[in-house]
Amino acid sequence: HNGVQVTTAEIITIGTEILLGGIQDTNTAWLARQFRQLGIDLYRVTTVGDNTLRIADTIRESLSRADVVFTTGGLGPTIDDPTRNAVAISLNSEIVFHPELWKQINDRFLRRGIVPSENNRKQACLPASAVAIENPVGTAPAFYVFENSKMIICLPGVPAEMETIFTKSVIPLLQQKFTLEKIIKSKILHTSGIGESVLDNLISDLELLENPTVGLSAHPASVDIRITAKNSNEQTVDQMIELIEREVRQRLPDAIFGSDETSLQQVITSLAEA
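Predicted model only: the values in this text are computed from it and were never measured. (Residues numbered from 1 in each chain as written. Predicted model: local features only at pLDDT ≥ 70, side-chain atom pairs only at ≥ 80, totals over all residues. Heavy atoms only, no water.)

Looking only at helices and strands, the protein has 10 helices and 12 strands in total. Reported as C-alpha extents along the three principal axes, the dimensions of the protein are approximately 60 × 50 × 35 Å. A separation threshold of at least 6 residues defines the contact pool for the protein, and within that pool the share at least 24 residues apart is 70%. For the protein, the accessible surface area stands at approximately 14200 Å², while carbon and sulfur atoms represent 50% of it. Computed over 24 positive and 34 negative side-chain charges, the inter-centroid distance for the protein is 4 Å. (Helix = DSSP H or I, 4+ residues; strand = E, 2+ residues; numbered from the N terminus. Contact = heavy atoms within 4.5 Å. Areas by Shrake-Rupley, 256 points an atom, 1.4 Å probe, with all protein chains shown as cover. Lys, Arg positive; Asp, Glu negative; His and termini not counted. Charge placed at Lys NZ, Arg CZ, Asp CG, Glu CD.)

This is the structure in structure tokens:
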């Protein structure tokens, strides 16, 4: 790997409900796909019930093998949500109250017109060395601990929360703490007035590419083409995307109405104003 440190990861999913077959764990598959793109090797996935000592054992074991250990679940406001205690036990550290985190949680509740309870105050208690990761879409706090060049990252079990936090905060964090192999960028081209299957036929050869990858996702009034490239050099990534984009635009001269943040609504509005 030409001197690049390869990062190894393990995932621990927490929840007796998963072990009982009551709910399906979709988080692992989603995280695994993200790791693949980031050049992180996933070696083990473990599911543990809501038992603090068992989770602590599993964390300790995973930390002995992997660079980064992810946990999902077990972070809610109730006393029996075991993850924070398990992390503290596995690191031999105390649980302490983080006032700045309590302020964040407080503000979020008050914005929704809810008065937080003592129970919610518990969510501001984390292992001593932990750093909170903001959860913009829920109240369960995510957090990480970075010790002895190893990292444990604890994410909520609710998929929408977990995915948002991972995308917004965890990727930059991993890139900062580890030499990840790749820079990854995506560009989305929006098309309209052309069906998904027609589009598929026109660019099917491009969809077979490994890097950059080209994929389609259909929405009610439009179809998106996502071009994703990865390389250790950012300039190369931009060039790779540009090359494919040019090809796509040549094949679909009339169908593309915008890229990335542009929505069909914006285009129509600006045409109407023109």
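Time to look at the sheet that holds strand β3 (residues 68-72). Taken in spatial order, the 6 strands line up as β2-β1-β3-β8-β7-β6 in an open sheet, and their pairing is mixed. Across the chains shown, the open sheet's two edge strands, defined by having one partner strand only, are β2 (40-48) and β6 (131-133). The average angle at which neighbouring strand axes cross in this sheet is 20°, direction not considered. Bridging between strand β1 (residues 7-14) and β2 involves 8 bridges; their strand directions are parallel. (Pairing = 2+ DSSP bridges. Axes fitted to C-alpha atoms, helices over the stretch in contact; angles between N-to-C directions.)

This part is about empty space enclosed by the protein. Inspection of the entire model under this criterion finds 1 cavity of 30 Å³ or more. Estimates place the volume of the largest cavity at around 60 Å³. Every residue along the wall of the largest cavity is listed here: L101, Q104, I105, R108, I133, E134, N135, G138, T139, A140 and P141. Ranked by the residues each element gives to the lining of the largest cavity, the list is headed by helix α5 (residues 99-111), at 4 residues. (1 Å grid on protein atoms, 1.4 Å probe; cavity = no way out; pocket = protein on both sides within 12 Å on 5 of 7 lines; lining within 4 Å. Points joined across faces, edges and corners; volume = space filled by probe spheres on them.)

The linkage connecting N211 with the following residue, P212, adopts the cis geometry, with an omega of 0°. Relative to the elements of secondary structure, P212 occurs in the loop between α8 (196-203) and β10 (213-218). The phi dihedral of N92 falls on the positive side, at around 55°, and the residue is not glycine. Along the chain, N92 turns up in the loop between α4 (83-90) and β4 (95-97). The exposure class of N92 is exposed, given its relative accessible area of 71%. At S149, a residue that is not glycine, the phi angle is positive and equals roughly 55°. With respect to the helices and strands, S149 occurs in the loop between β7 (142-147) and β8 (150-155). (Buried < 20%, exposed > 50% of the residue type's maximum accessible area, 1.4 Å probe, protein only.)

Below, the discussion takes up the packing of aromatic side chains. The tally for this structure, following the rule as stated, stands at 5 aromatic pairs. Taking the centre distance of 5.0 Å and the plane angle of 40° together, the rings of F35 and F70 count as tilted. Remark: F70 occurs in strand β3 and F35 occurs in helix α2 (residues 27-38); sequence separation between them is 35 residues. Take F35: its relative accessible area is 0%, and that puts it in the buried class. (Phe/Tyr/Trp six-rings, centres within 6.5 Å; stacked < 30°, edge-to-face > 60°.)

All right, on to the confidence of the model for the protein then. Caution is warranted with low-pLDDT regions, since their predicted coordinates should not be read in detail. Residue-level pLDDT values for the protein average 87, and 91% of them are 70 or greater. Across the protein, element-level confidence peaks in β3 with a mean pLDDT of 97 and bottoms out in helix α10 (residues 264-273) with 63. (pLDDT = per-residue confidence, 0-100.)

So, on to the environment of Q239. Mapped onto the fold, Q239 is located in helix α9 (residues 234-251). The class of Q239 is partly exposed, set by a relative accessible area of 47%. A C-alpha to C-alpha distance of 9.2 Å links Q239 and A229, two positions 10 residues apart in sequence.

Tracing the chain through its elements places R84 in helix α4. Residue classification places R84 among the buried positions, given a relative accessible area of 6%.

This next bit is on the packing of helix α3 (residues 52-65) against α4. Their axes nearest at 8 Å, the elements α3 and α4 cross at an angle of 50°. The pairing of α3 with α4 is recorded here as oblique in orientation. The element α3 and its partner α4 pack so that their crossing is right-handed. Touching T52, L53, I55, A56, I59 and R60 of α3 are N85, A86, V87, I89 and S90, all from α4. (Parallel < 35°, antiparallel > 145°, perpendicular 65-115°, else oblique. Left-handed = near helix turned anticlockwise from the far one by under 90°.)

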